[in-house]
Amino acid sequence: MKGRRFVLTAVVYALCSFVSIASVAQQSKSQTVGDRSLIELWESGRPAFGQYVTQHAQATGDDAASPPYTVQTGLDLATNDLLDFAFLSLEQHYDATSARDVATGIAQAGTDNALPLLVRIPPISVDGEDAARERVKELLAMGANGVVIPHVMSADEARTAVSFFAGANVWSPDNPGGDIVAMLIIEDPDVFAELEEIANIQGFSALVCGIGSLTSALGGDREAAEAINMQVLAQSKRVGKPNLTTVSPESVAGRVEQGFLGLLAYGPESNEAIRLGKLAAGR
């Protein structure tokens with residue numbers, strides 16, 4: 001009888017140990033892959049929905065005010081359960097303090113799954129390669145989950161942009177175990193002659209057409225810009241890279257149907273756009 005009790009106790013202990021190990025392994029996997037599973041969503045071909053956090057009106061001149069992004073901005077974003085990621089635009093005015101405060105607010109929110117933060121920096125052409133490279137390193141060091149480089153002007157500049165992420169574990173089709181997002185935006189008419197070459201470059205996560213800037217560069221020809229946008233979407237799908245676009249409540253369902261995997265809502269109707277987008281995506 002004692003022997004049977006010993007065997008039963010040993011079996012129960014083994015089962016409990018197995019469950020405990022499995023739970024720890026699952027928790028570790030969750031923490032490694034993903035903050036709100038942004039990368040997991042993309043890997044599974046499901047769209048992720050984000051908030052576009054753009055710069056407010058500023059004064060002009062040397063005394064121009066920094067964007068009023070604070071720790072509270074990060075807290076507000078992190079506690080919005082609709083969001084899969086936040087997209088902080090510092091393209092017009094790069095301010096490391098703003099990015100740090102938003103990242104701090106997200107970290108302080110104490111949610112079970114931290115909200116991924118992608119930060120857009122000024123184009124390489126604005127302040128040069130060295131400044132852009134340092135900004136990428138600075139943002140990743142302070143806790144950003146990804147960096148977005150806009151107005152990439154050529155395939156050579158795209159390779160330069162990718163080199164800024166050296167040493168980071170960038171998620172991409174050739175590195176599915178990565179956890180950092182490196183996003184390139186092409187939005188100037190001349191660059192699209194090299195679209196296929198840019199799409200084929202390894203080492204970055206997502207390829208995006210900046211349709212707003214492109215439309216302006218084409219003299220307001222939205223139809224022509226949309227045709228190029230669809231070409232970029234097709235190329236990004238071909239190489240297995242997500243493509244991101246801005247959406248409104250009126251456009252989001254169509255963008256989901258077209259296959260965009262990053263849906264970026266903006267303005268006072270952003271929550272409504274995301275609700276409708278998730279409904280269209282079956283989420």
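The structure under discussion appears in the preceding block.
Note on numbering: residues in each chain are counted from 1, in written sequence order. Predicted model: local features are reported for residues with pLDDT of at least 70 only, side-chain atom pairs are reported and counted for 80 or more only, and whole-chain, interface and lining totals are derived from all residues. Computation of side-chain values: all heavy atoms of the structure, hydrogens and water removed.

**Q** Give a description of the side chain of Asn145 that names residues and reports values.
**A** For Asn145, the position within the fold is in the loop between helix 6 (129–141) and strand 4 (146–149). Of the residues examined, Asn145 reaches a relative accessible area of 16% and is grouped as buried. Side-chain polar atoms of Asn145 contact the backbone nitrogen of Leu117, separated by 2.8 Å. Helix numbering and strand numbering both begin at the N terminus, where a helix is a DSSP run of H or I of at least 4 residues and a strand a DSSP run of E of at least 2. Only protein chains enter the accessibility calculation, which uses a 1.4 Å probe; a residue whose area is less than 20% of its type maximum is buried, one above 50% is exposed, and one in between is partly exposed. Pairing of N or O atoms within 3.5 Å defines a polar contact, subject to two protein rules: one partner must be a possible hydrogen donor and the other a possible acceptor, and residues neighboring in sequence count only if both atoms are side-chain atoms.

**Q** Residues and numbers for the nonpolar core, please.
**A** Counting residues in hydrophobic clusters, the biggest one holds 64 residues, and the most contacted among them are Leu88, Leu139, Ile149, Phe165 and Ile186. It is helix 4 (residues 96–108) that contributes the most residues to this core, five residues altogether. Of all hydrophobic cores here, the second largest spans 19 residues; its members include Leu38, Leu41, Phe87 and Leu118. Side-chain atoms within 4.5 Å are what join buried Ala, Val, Leu, Ile, Met, Phe, Trp, Tyr and Cys residues into a set we call a nonpolar core.

**Q** Describe the environment of Asn229, with residues and values.
**A** Examined against the element boundaries, Asn229 turns out to sit in helix 10 (residues 222–238). According to the relative accessible area criterion, Asn229 is buried, its value standing at 0%. Those residues in contact with Asn229 that lie beyond four places of it in its chain are Cys209, Ile211, Thr245, Arg255 and Phe260. It only takes one pair of heavy atoms within 4.5 Å for two residues to be counted as in contact.

**Q** Tell me about unusual backbone geometry, and please be specific about residues and values.
**A** Non-glycine residue His151 carries a positive phi angle of around 50 degrees. Mapped onto the elements of the fold, His151 is located in the loop between strand 4 and helix 7 (155–163). Residue classification places His151 among the buried residues on the basis of a relative accessible area of 17%.

**Q** Could you give an account of the packing of aromatic side chains, naming the residues involved and the relevant values?
**A** Here a pair means two rings of Phe, Tyr or Trp (six-membered ring of Trp) with centres within 6.5 Å. Their orientation is stacked below 30 degrees between planes, edge-to-face above 60, and tilted elsewhere. Within the structure shown, the criterion is met by two aromatic pairs. Taking 5.6 Å as the distance between ring centres and 20 degrees as the angle between the ring planes, the aromatic pair formed by Tyr52 and Phe87 counts as stacked. Within this pair, whereas Tyr52 is found in strand 1 (residues 48–53), its partner Phe87 is found in strand 2 (residues 85–89), the two being separated by 35 residues in sequence. Looking at Phe87, the relative accessible area reads 1%, which means it is buried. Over the face of the ring belonging to Phe204 we find Lys241, whose NZ or CZ atom lies 4.4 Å from the ring centre. The criterion for a charge sitting over a ring is simple: Lys NZ or Arg CZ within 6 Å of the ring centre, and within 35 degrees of the ring normal.

**Q** So what's going on with the pairing of strand 3 (residues 117–120)? Which residues, and what values?
**A** Neither face of strand 3 is open: one carries Leu117 and Val119, the other Leu118 and Arg120, and all of them are buried. Inspection of the sheet shows strand 2 paired to strand 3 by four bridges, in the parallel sense. Looking at strand 3, one finds that Ser89 is bridged to Arg120. Pairing of strand 3 with strand 4 involves three bridges; the strand directions are parallel. Bridging from a neighbouring strand, Arg120 pairs with Val148 of strand 4. Paired strands, as defined in this entry, are two strands with at least two bridges between them according to DSSP.

**Q** Could you give an account of the pairing of strand 7 (residues 244–247), naming the residues involved and the relevant values?
**A** Where strand 7 lies against strand 8 (residues 262–265), four bridges are found, and the strand directions are parallel. In the sheet register, Thr245 faces strand 8, and the bridge partner there is Leu263. Between strand 7 and its parallel partner strand 8, the chain crosses via helix 11 (residues 252–258), and the hand of that crossover is right-handed. With strands facing away from the observer, any crossover in which the path from the first strand over the helix to the second runs clockwise is taken as right-handed.

**Q** Let's hear about the packing of helix 3 (residues 71–78) against helix 4: which residues, and what values?
**A** Where helix 3 meets helix 4, the closest approach of the two axes is 6 Å, and the angle between their N-to-C directions is 45 degrees. On the basis of their axis angle, the class for helix 3 and helix 4 is oblique. You can see that helix 3 and helix 4 cross each other, and the crossing is right-handed. On helix 4, the residues touching Val71, Thr73, Gly74, Leu75, Leu77 and Ala78 of helix 3 are Asp101, Val102, Thr104, Gly105, Ile106 and Gln108. Interaxial angle, 0 to 180 degrees, is taken between N-to-C directions of lines fitted to C-alpha atoms, where a helix line uses only the stretch in contact. Should an angle lie under 35 degrees it is considered roughly parallel, over 145 roughly antiparallel, and from 65 to 115 roughly perpendicular; all remaining angles are considered oblique. For a crossing to be left-handed, the near helix must be turned anticlockwise from the far one by less than a right angle; the clockwise case is right-handed.

**Q** Break down the environment of Gln72 for me, citing the residues and quoting the values.
**A** One can find Gln72 in helix 3. Look at Gln72 and you get partly exposed, because its relative accessible area is 44%. Placed 36 residues apart in sequence, Gln72 and Gln108 show a C-alpha to C-alpha distance of 9.7 Å.

**Q** Could you give me a rundown of the pattern of salt bridges, with the residues and numbers involved?
**A** One speaks of a salt bridge when a side-chain nitrogen belonging to Lys or Arg is within 4 Å of a carboxyl oxygen belonging to Asp or Glu. Under the definition given, this model contains seven salt bridges. A salt bridge links Glu226 to Arg255; the nearest nitrogen and oxygen atoms lie 2.7 Å apart. Of this pair, Glu226 sits in helix 10 while Arg255 sits in helix 11, placing them 29 residues apart in sequence. Taken individually, Glu226 and Arg255 each receive the classification buried, so the pair is uniform in this respect. We note a salt bridge from Arg275 to Glu272, for which the minimum N-O separation is 3.8 Å. Of this pair, Arg275 and Glu272 are both found in helix 12 (residues 270–280), three residues apart, which corresponds to roughly one turn of the helix. Within this structure, Asp156, Arg159 and Glu197 form a network of salt bridges that share partners.

**Q** Outline the sheet that holds strand 8, listing residues and values.
**A** Strand order in this open sheet of eight strands is 6-5-4-3-2-1-8-7, and the pairing throughout is parallel. With one partner strand each, in any of the chains shown, strand 6 (206–209) and strand 7 form the two edges of the open sheet. Across the sheet, the mean angle separating the axes of adjacent strands is 25 degrees when strand polarity is ignored. Judged from the four bridges that link them, strand 1 and strand 2 form a sheet pairing that is parallel. Within strand 2, the position partnered with Gly50 by the bridge is Phe85. Packing against the sheet, helix 4 makes contact with strand 2 and strand 3, and its axis sits at approximately 170 degrees to strand 3.

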